[in-house]
Amino acid sequence: MDRETTRDQNIEENETFDGENLNLPDIPLPETDNVLYSILNSLNQNIADFYTFVKFNSYLAEDHLNVELLKRSMGIHRDFTALFLHTKEELVFTYPEFIEKTERLLFKGEVGTDCIKYTHRVCRSISDYKIALHREGYLPDLRRQLPLVDI
């Protein structure tokens, strides 16, 4: 008996068929909020690492520093690109000029420019982008709300 015949018999017995492979469960798609927070957490960590290396650049060998800064810069670029692509479609109607400027900075880049200056510009855009995300309701206000009773 071949596999197709066996599968058909199993379906007739159970009378349900949920997909191509009965052994694989349905995997739910990730919720948008979880993906957004995951990207933002990674982005914030990469920015903190980048600024740490920049702050202590006088203590590190130049070759080592350049490699580490490039790694951190590319991590920031990757995460911001993911954030941008994840939210661009909804924000493009609200902030078209800002989205266009950000897109130019991210995808066209500036070949031959200083890595540190470029990353600082990307970080400024990230800050502006986060403000836009808060304003449009993508991100809740994460500042701690103090109950008025305790005051």
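Residues numbered from 1 in each chain as written. Predicted model: local features only at pLDDT ≥ 70, side-chain atom pairs only at ≥ 80, totals over all residues. Heavy atoms only, no water.

Q: Honestly, the nonpolar core in this entry has me stumped. Any pointers?
A: Across soluble globular proteins, nonpolar side chains show a tendency to be buried alongside one another. Of all hydrophobic cores here, the largest spans 29 residues; its most connected members are L43, I76, F80, L83 and Y129. Broken down by secondary-structure element, the contributors of at least two residues to this core are helix 2 (32–55), helix 3 (62–91), helix 4 (96–108) and helix 5 (115–135). Ignoring any residue separated from it by four or fewer positions in sequence, one finds L43 in contact with I76, D79, F80, L83 and I126. (Core = buried A, V, L, I, M, F, W, Y, C linked by side-chain atoms within 4.5 Å. Buried < 20%, exposed > 50% of the residue type's maximum accessible area, 1.4 Å probe, protein only. Helix = DSSP H or I, 4+ residues; strand = E, 2+ residues; numbered from the N terminus. Contact = heavy atoms within 4.5 Å.)

Q: How should I be thinking about a nonpolar patch on the surface in this particular structure?
A: On the surface, F56, Y59 and L60 cluster together into a nonpolar patch covering about 330 Å² of accessible area. Residue position: L60 is located in the loop between helix 2 and helix 3. (Patch = residues over 30% accessible without salt bridge, like charges linked within 9 Å, V, L, I, M, F, W, Y side chains within 5 Å. Areas by Shrake-Rupley, 256 points an atom, 1.4 Å probe, with all protein chains shown as cover. Salt bridge = Lys/Arg side-chain N within 4 Å of Asp/Glu carboxyl O.)

Q: Please clarify how the environment of D49 should be interpreted in this entry.
A: Inspection of the secondary structure assignment puts D49 in helix 2. For the pair D49 and L69, spaced 20 residues apart in the sequence, the C-alpha separation amounts to 8.9 Å.

Q: Would you mind showing me how to read the packing of aromatic side chains here?
A: Aromatic rings considered in pairs are described by the distance between their centres and by the relative angle of their planes. Scanning the model with the defined rule gives 6 aromatic pairs in all. Both rings, one in F56 and one in Y59, keep their centres 6.0 Å apart while their planes meet at 45 degrees; by these two values the pair is tilted. Here the aromatic rings of F80 and Y129 are separated by 5.5 Å at their centres, their planes lie at 80 degrees, and the arrangement is edge-to-face. Of this pair, F80 sits in helix 3 while Y129 is found in helix 5, placing the two residues 49 residues apart along the sequence. Given a relative accessible area of 0%, F80 falls into the buried group. (Phe/Tyr/Trp six-rings, centres within 6.5 Å; stacked < 30°, edge-to-face > 60°.)

Q: Teacher, can you tell me more about helix 4 here?
A: Working note: α-helix, 3.6 residues per turn, so residues spaced by three or four point in the same direction. End to end, helix 4 covers 17 Å across 13 residues, agreeing with the expected 18 Å (1.5 Å per residue, within 8%). For helix 4, the complete set of buried residues consists of F98, I99, T102, L105 and L106. Taken down its axis, helix 4 places every buried residue within 130 degrees of arc, on the same side. Among the exposed residues of helix 4, those oriented more than 90 degrees off its buried face are E97 and K108. On its buried side, helix 4 packs onto helix 3 and helix 5. (Expected span 1.5 Å × (residues − 1). Arc of directions from axis to C-beta.)

Q: Teacher, can you tell me more about the packing of helix 3 against helix 4 here?
A: Geometrically, a packed helix pair is captured by the angle between its two axes and the distance between the axes. Between helix 3 and helix 4, whose axes approach to 11 Å, the crossing angle comes to 150 degrees. Regarding the angle of helix 3 to helix 4, the classification is roughly antiparallel. When the axes of helix 3 and helix 4 are compared, the crossing they make is left-handed. In this structure, helix 3 contributes H77, F80, T81, F84, L85, K88 and L91 to the contact, and helix 4 contributes I99, T102, E103, L106 and F107. Partitioned by chemical class, the residues of the contact of helix 3 with helix 4 number 7 nonpolar, 3 polar and 2 charged. (Axes fitted to C-alpha atoms, helices over the stretch in contact; angles between N-to-C directions. Parallel < 35°, antiparallel > 145°, perpendicular 65-115°, else oblique. Left-handed = near helix turned anticlockwise from the far one by under 90°. Nonpolar A, V, L, I, M, F, W, Y, C, P; charged D, E, K, R; others polar.)

Q: Looking at this structure, I do not really get the pattern of salt bridges. What am I missing?
A: Two side chains of opposite charge can pair, provided their charged atoms sit close to one another. Going through the model one piece at a time under the given rule, you end up with 6 salt bridges. K71 is the partner of E68 in a salt bridge, and the nearest nitrogen-oxygen pair spans 3.5 Å. Here the residue E68 and the residue K71 both occupy positions in helix 3, the gap between them amounting to 3 residues, near one helical turn. The class of E68 is buried, set by a relative accessible area of 10%. Residue class for K71 comes out partly exposed when judged on its relative accessible area of 48%. A salt bridge links R72 to E68, with the shortest nitrogen-to-oxygen separation between them at 2.9 Å. With R72 and E68 both in helix 3 and 4 residues apart, this pair spans about one turn of that helix. Neither residue differs from the other here; R72 and E68 are each classed as buried. One network of salt bridges, with partners in common, ties together D49, E68, K71 and R72.

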